[in-house]
Amino acid sequence: MTRAVLGIIGGSGIYDLPGLEGAREEVIGSPWGEPSAPVRRGTIAGLPIVFLPRHDKGHRLSPSDINYRANIDVLKRAGVTDLVSLSACGSFKEEMPPGTFVLIDQFVDRTHKRESSFFGKGCVAHVSMAHPVSPRLRIHLAAAAEAEGIAIARGGTYVCMEGPQFSTLAESMTYKTLGYSVIGMTNMPEAKLAREAEICYATVAMVTDFDCWHPDHDAVTVQDIIRVLTSNADKAKSLVARLAKDFPREHEPCPIGSDRALDTALITAPEARDPELLRKLDAVAGRLLRA
Ligand SMILES: CSC[C@H]1O[C@H](OP(=O)(O)O)[C@H](O)[C@@H]1O
Ligand SMILES: Nc1ncnc2[nH]cnc12
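What you are looking at is a predicted structure, and each value in this text was computed from that prediction instead of being measured. (Residues numbered from 1 in each chain as written. Chains lettered and ligands numbered in written order. Predicted model: local features only at pLDDT ≥ 70, side-chain atom pairs only at ≥ 80, totals over all residues. Heavy atoms only, no water.)

*Asks:* Would you mind going over the overall build of the chain with me for this structure?
*Replies:* The helix and strand inventory of the chain stands at seven helices and eleven strands. On C-alpha atoms alone, the chain measures out to a radius of gyration of 18 Å, which is about the 19 Å that the 2.2 N^0.38 rule sets for 291 residues. Projected onto its principal axes, the C-alpha positions of the chain cover 60 × 40 × 35 Å. Within the chain, the proportion of its 291 residues that are buried is 54%. Here the chain has roughly 12,500 Å² of accessible surface; of this, 53% comes from carbon and sulfur atoms. In the chain, 33 positive and 36 negative side-chain charges are present, and the distance between their average locations comes to 4 Å. (Helix = DSSP H or I, 4+ residues; strand = E, 2+ residues; numbered from the N terminus. Rg over C-alpha atoms; globule rule 2.2 N^0.38 Å. Buried < 20%, exposed > 50% of the residue type's maximum accessible area, 1.4 Å probe, protein only. Areas by Shrake-Rupley, 256 points an atom, 1.4 Å probe, with all protein chains shown as cover. Lys, Arg positive; Asp, Glu negative; His and termini not counted. Charge placed at Lys NZ, Arg CZ, Asp CG, Glu CD.)

Here it is in structure tokens:
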């Protein structure tokens with residue numbers, strides 16, 4: 001049995017986690033470079049929590065400048081078994097207006113300037129991303145939202161754009177026509193890296209705007225987003241508090257194998273592996289490489 005450690009990545013507007021008991025900052029080094037910030041460790045209702053603000057305090061980092069590999073690596077080193085991404089997003093659906101929390105079940109990756117794997121030359125791995133979200137974690141999030149009276153959509157596709165500019169009207173209309181639900185700039189490659197690190201991952205996409213496709217709403221601005229972010233952030237904090245209170249204390253094996261993703265992924269023969277890369281993979285793939 002492994003004890004559950006809940007990781008929370010705070011997105012835009014969520015730079016701290018009030019309610020974290022016994023909170024202390026911890027600088028965790030990573031062979032993948034600088035994470036966004038020191039992690040904050042503490043407990044909520046007795047459950048160990050590790051919090052990381054992906055843009056750092058003061059929103060210092062743009063989506064393309066975040067070191068996603070270092071972030072996931074330090075969360076793995078901190079013992080995180082289950083990870084919730086709290087993210088602002090634009091909506092392509094009339095029925096998902098600002099204020100809605102969407103429990104994402106699929107992603108489309110349109111990023112192009114980011115390191116998106118821990119693996120590569122000298123240790124190649126291909127994990128499955130068919131089902132990128134851990135179903136158990138999503139069920140716990142849905143139950144917590146229901147208990148807190150927070151309006152949620154129980155599924156949706158998040159398209160991740162590079163940014164930092166918002167979409168053109170033609171892009172926005174295309175994504176809407178393709179049936180995507182929401183858009184953001186950060187959850188890829190985060191979700192891919194969490195899978196490689198065998199951490200169960202789920203996203204709460206908190207709608208702040210209708211992007212620019214909606215005929216009755218102006219094109220999105222940061223000022224408009226910040227106005228909605230404040231109330232979304234308050235709801236997110238009560239969601240996390242409830243999630244922690246009701247969360248199992250032992251990590252539940254993931255029914256789709258998110259927590260054993262590397263079992264079927266490594267392809268490089270042991271004698272062809274690069275010792276330098278193996279050293280960097282000590283946390284992410286230690287379970288297999290040490291075996
Ligand atoms: C401040 S609006 C654009 C910004 O907000 C979202 O960030 P996050 O996913 O970290 O909440 C979006 O992805 C952009 O980075
Ligand atoms: N419309 C939008 N596009 C991309 N990222 C966002 N984050 C919040 N709203 C967004």
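There's plenty left to go through after this.
*Asks:* Teacher, can you tell me more about the site of ligand 2 here?
*Replies:* Around ligand 2 sit Ala-88, Cys-89, Gly-90, Met-161, Phe-166, Ile-183, Gly-184, Met-185, Thr-208, Asp-209, Asp-211 and Ile-225, and those are all the residues in its vicinity. The contact in question runs from a nitrogen atom of ligand 2 to an N or O atom on the side chain of Thr-208, over 3.5 Å. The contact in question runs from a nitrogen atom of ligand 2 to an N or O atom on the side chain of Asp-211, over 2.8 Å. Here ligand 2, which alone exposes 260 Å², has 94% of that area covered by the protein. Of all elements in the fold, only strand S5 (82–91), strand S10 (182–184) and strand S11 (200–209) reach the threshold of two or more residues within the shell around ligand 2. Here the element with the most residues in the shell around ligand 2 is S5; it accounts for three residues. Considered class by class, the residues forming the shell around ligand 2 number seven nonpolar, three polar and two charged. (Near = heavy atom within 4 Å. Polar contact = N/O pair within 3.5 Å; in protein donor to acceptor, adjacent residues only side chain to side chain. Nonpolar A, V, L, I, M, F, W, Y, C, P; charged D, E, K, R; others polar.)

*Asks:* Explain a nonpolar patch on the surface here, please?
*Replies:* The grouping of Phe-166, Val-222 and Ile-226 at the surface amounts to a nonpolar patch, some 260 Å² of accessible area in total. Residue placement: Ile-226 occurs in helix H5 (residues 222–246). Given the relative accessible area of 47%, Ile-226 is considered partly exposed. (Patch = residues over 30% accessible without salt bridge, like charges linked within 9 Å, V, L, I, M, F, W, Y side chains within 5 Å. Salt bridge = Lys/Arg side-chain N within 4 Å of Asp/Glu carboxyl O.)

*Asks:* Just to check I follow, could you spell out helix H1 (residues 68–77) for this structure?
*Replies:* Each α-helix turn comprises 3.6 residues. Residues three or four places apart therefore point the same way. Where burial is concerned, most of H1 is hidden: eight out of the ten residues are buried. Among the residues of H1, Tyr-68, Arg-69, Ala-70, Asn-71, Ile-72, Asp-73, Val-74 and Leu-75 are the ones counted as buried. Trailing H1 by a residue or two, Gly-79 shows a phi angle of about 90°, which is positive.

*Asks:* Even after reading the chapter, I still don't get the environment of Val-102, so can you show me in this structure?
*Replies:* Mapping Val-102 onto the fold places it in strand S6 (residues 101–103). For Val-102, a relative accessible area of 0% gives the class buried. Considered as a pair, Val-102 and Ala-272 are 170 residues apart in the sequence and their alpha carbons are 43 Å apart. With residues up to four places along the chain from it excluded, the contact list for Val-102 reads Met-96, Ala-153, Gly-155, Gly-156, Val-182, Thr-203, Val-204, Ala-205 and Val-207. (Contact = heavy atoms within 4.5 Å.)

Everything listed is a geometric property; what it means functionally is a separate question.
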